[in-house]
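# Chains, contacts and geometry: an overview
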Amino acid sequence: MSEETSKKPMTDEERLQLAAKLDKELDQFINSREKRSHTDGWPEDRWEEEMAKHPFFMTKAPEPGEELSPLMKGLQQLKYDPEENTAQELAEAYKEDGKWHMKNKQFRLAVWSYTEALKFNVTEAEYKSVLYNNRSAAHFFIKNYRSSLLDAQKALELKPDYEKARWRAAQCADHLNRYDLCVELCDQVLKAEPTNAQALELRKKVIARKTLKERDERKAEQAKRRKVEQFTRTVEQLKERGVKFEEKDALTNEARLKPRLAPLEDFIVTADSNGVLHWPTVFCYPQFLSTDFQQQLSEELTMEEVLLNMFAEPMELDEDGQYAAHTVNVYYENRISAVVRKVDLKMKIKDILKEKTFYVYEGTLTFYILVKGSPYEALYLGETRTPLKLNK
C-alpha cells in the first residue's frame, strides 16, 4: 500500500488548528518586516486628480504654463522636438492641437497653436493656406475681426479658389463696416456660386447699410454746415447790436455762449433767418428763492409782454396773488460794477441789451422780479454786492 493512501483524512478540528497556526505565522512574518511609509504611489485622497494628469486618462489639455507630469513632458518632447521631427511634422502637430482646441471652443489657444504651426518653413502653399484659414476662424470666434480678415486674405493669396476663406473674409468685412470690400467679396462668391443665399442676403444687407450710412453722413454734414452758418449769423447780429459779454472771447469761442444751467444748456442764443435773436433767459424770484426759464426768448418782445405771458396763470408759490405784470418791478445786475438797474417794462429785450450797464454772462440773460414796494424788494436792493474781477 502506498504512503498517500495510508494517510488519515484531517478532522474539522485539525483543519481549524492548522489555519490558526498559519495565520499566526503570517502575522509574525509581516510584523517582522521593516515599517516605512509608501511614497511611490498615488495618495488615496487624490488618486482621481493624479490619474487625470496621466496622458492616457486626461480629459483636457494642460493650460499654458501649467506644470506637466514627467510622462507628459516626455511625450511632448517626442511630439515637438525639432531633432526628432521634420518641419512638416511639427507644423502638423501644432495644427492638430489647434483643431482640438477649436473642437473644445478654446479659440485663443487655437490661435496660438496655428501661429506656432505657421512658424515652420512649410513650403506647400495649400497647406499654409489651410493654417491661415483655420487661424482666421479662431480669430473670428473671439471677434478679432480685423485679424480674422487679414488671415482670410492671406489664405486667399496662397489659394485663390479658397471659397471658405473668401466667405469668412466677407463676413469680417461686414463686421468691420467695410462695405465696398464686403460687396466685392460677395460678388466673387456669387461668381462661383450664383445661387448662394447667404452671399445674396449679406450683399443686400450691406448695400442697404452703406446707403443709410451715406445718407446719415450727408445729413450730419448739412447739420454741421447749418450750425456754422447759424453761429456766424448770430455773431454778426450780436456785433451789430453791440451786445456786451463778461467773457471777452464770447464771440469767438462758441463754448462761452453755452448756458451752464441745466434747463437752458441746449439752447444757445441764435439768430433766426430774419436776423432776430432768441435768448436763453432765467427769471429769479428772490422772495421764493426760485426761478423760471425761457429757453428761446425773442428780443422783439417787450418786458411787459413777457410778464403778461408769464403771469397769465397764477404762480404756484404766489399764494397771495401778488405777482402780476402791473404789480412787479424787474431788475438786472451788472456784476462788473456791482450795481442793480431797474428795467423799463415798455422796452424791448433788444433795447435793454443796448444799455451801457447790461452785460450778458454765461450766454444767458438774467432778470430779477419782485413785487413793487415789498419788503423783499427793499431787502434785495439793499444787499451788499462785490464787483466781479474778470480774468484778463
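As a reminder, the structure under discussion sits directly above these lines.
Keep in mind that this is a model prediction, so the values were computed, not measured. Residue positions are given per chain, counting from 1 as you read along its sequence in written order. Given that the model is predicted, a residue must reach a pLDDT of at least 70 before its local features are reported, and side-chain atom pairs must reach 80 or more before they are shown or counted; all residues, however, enter totals for whole chains, interfaces and linings. Neither water nor hydrogens contribute to the side-chain values; these are computed over all heavy atoms in the structure.

Despite not being glycine, lysine 105 has its phi angle at roughly 60 degrees, a positive value. Even without a glycine there, the phi angle at alanine 338 is positive, about 60 degrees. Secondary structure elements are defined from DSSP: runs of H or I of at least 4 residues count as helices, runs of E of at least 2 residues count as strands, and each element is numbered from the N terminus. Mapped onto the secondary structure, alanine 338 falls in the loop between β4 (328-334) and β5 (339-342).

Bringing the side chain of serine 113 into the picture now. For serine 113, the location among the structural elements is in helix α6 (residues 107-118). If sequence neighbours within four positions are ignored, serine 113 has contacts with Tyr94, Asp97, Gly98 and His101. The criterion used for residue contact is that any of the two residues' heavy atoms lie within 4.5 Å.

A few words on the packing of helix α5 (residues 87-103) against α6. Here an angle of 0 to 180 degrees is reported between the N-to-C directions of two axes, which are lines fitted to C-alpha atoms, with helices fitted over the stretch in contact. Two elements in contact, α5 and α6, have axes whose closest approach is 8 Å; the angle formed by their N-to-C orientations is 165 degrees. Judged by the inter-axis angle, α5 sits roughly antiparallel to α6. The handedness of the crossing between α5 and α6 is left-handed. On α6, the residues touching Ala91, Tyr94, Lys95, Asp97, Gly98, Lys99, His101 and Met102 of α5 are Phe107, Leu109, Ala110, Trp112, Ser113, Tyr114, Glu116 and Ala117. Under the grouping applied here, Gly and all other residues not named as nonpolar or charged are polar, the nonpolar ones being Ala, Val, Leu, Ile, Met, Phe, Trp, Tyr, Cys and Pro and the charged ones Asp, Glu, Lys and Arg. Counted by class, the contact of α5 with α6 contains nine nonpolar, three polar and four charged residues. Angle categories are assigned with fixed cut-offs, so that under 35 degrees is roughly parallel, over 145 is roughly antiparallel, 65 to 115 is roughly perpendicular, and the rest are oblique. Crossing handedness is read from the near helix: turned anticlockwise from the far helix by less than a right angle, it gives a left-handed crossing, and turned clockwise, a right-handed one.

Attention shifts here to the packing of helix α9 (residues 163-175) against helix α10 (residues 179-192). In contact at an axis separation of 8 Å, α9 and α10 are set at 150 degrees when each is read in the N-to-C sense. It follows that α9 is roughly antiparallel to α10 by the angle criterion. Both α9 and α10 take part in a crossing whose hand is left-handed. Contacts between α9 and α10 involve Glu163, Arg166, Trp167, Ala169, Ala170, Ala173 and Asp174 from the former and Leu181, Cys182, Leu185, Cys186, Gln188, Val189 and Ala192 from the latter.

Every helix has an expected span of 1.5 Å times one less than the residues it contains. Under the 1.5 Å per step criterion, the end-to-end length of α6 is 16 Å for 12 residues, consistent within 8% with the ideal 16 Å. Among the 12 residues of α6, nine are classified as buried, and the element is accordingly described as predominantly covered. Those residues of α6 that are buried are in contact with α5 and α7 (125-141). For every residue, the accessible area obtained with a 1.4 Å probe (protein chains only) is divided by the maximum for its type, and the residue is called buried under 20%, exposed over 50%, and partly exposed between those limits.

A pairing counts as a salt bridge when a side-chain nitrogen of Lys or Arg comes within 4 Å of a carboxyl oxygen of Asp or Glu. The tally for this structure, following the rule as stated, stands at 21 salt bridges. Between glutamate 383 and arginine 385 there is a salt bridge, and its shortest N-O distance comes to 3.4 Å. Classification of glutamate 383 as partly exposed rests on a relative accessible area of 44%. Connected through shared salt-bridge partners, Asp174, Lys205 and Arg209 make up one network.

Burial analysis of strand β2 (residues 277-285) places nine of its nine residues in the buried class, which makes it a mostly covered element. Side chains Leu277, Trp279, Thr281, Phe283 and Tyr285 project from β2 onto one buried face, and the interleaved His278, Pro280, Val282 and Cys284 project onto a second face that is buried too. Strand direction decides the pairing type here: strand β1 (residues 270-271) and β2, joined by two bridges, are antiparallel. Residue pairing in the sheet places threonine 270 in a bridge with histidine 278 of β2. Between β1 and β2, which pair antiparallel one after the other, the connecting turn spans five residues, and glycine 275 there sits at a positive phi close to 85 degrees. Pairing analysis gives seven bridges linking β2 to strand β3 (residues 290-298), with the strands arranged antiparallel. Counted as the bridge partner of tryptophan 279 is leucine 297 from β3. Strand pairing is assigned whenever DSSP identifies at least 2 bridges connecting the two strands. Linking β2 back to β3 in an antiparallel pair, the connection comprises four residues, with leucine 289 at a positive phi of about 55 degrees.

We now examine the side chain of asparagine 329. When you line up the elements, asparagine 329 lands in strand β4. For asparagine 329, a relative accessible area of 14% corresponds to the buried category. Pairs of N or O atoms within 3.5 Å make up the polar contacts considered here, provided that, within protein, one atom can donate a hydrogen while the other can accept it, and that residues adjacent in sequence are counted only when both atoms are side-chain atoms. Within the structure, asparagine 329 has its side chain in polar contact with the side chain of glutamate 377 (distance 2.8 Å). If we ignore the near neighbours within four places in the chain, the residues touching asparagine 329 are Lys342, Tyr368, Ile369, Leu370, Lys372 and Glu377.

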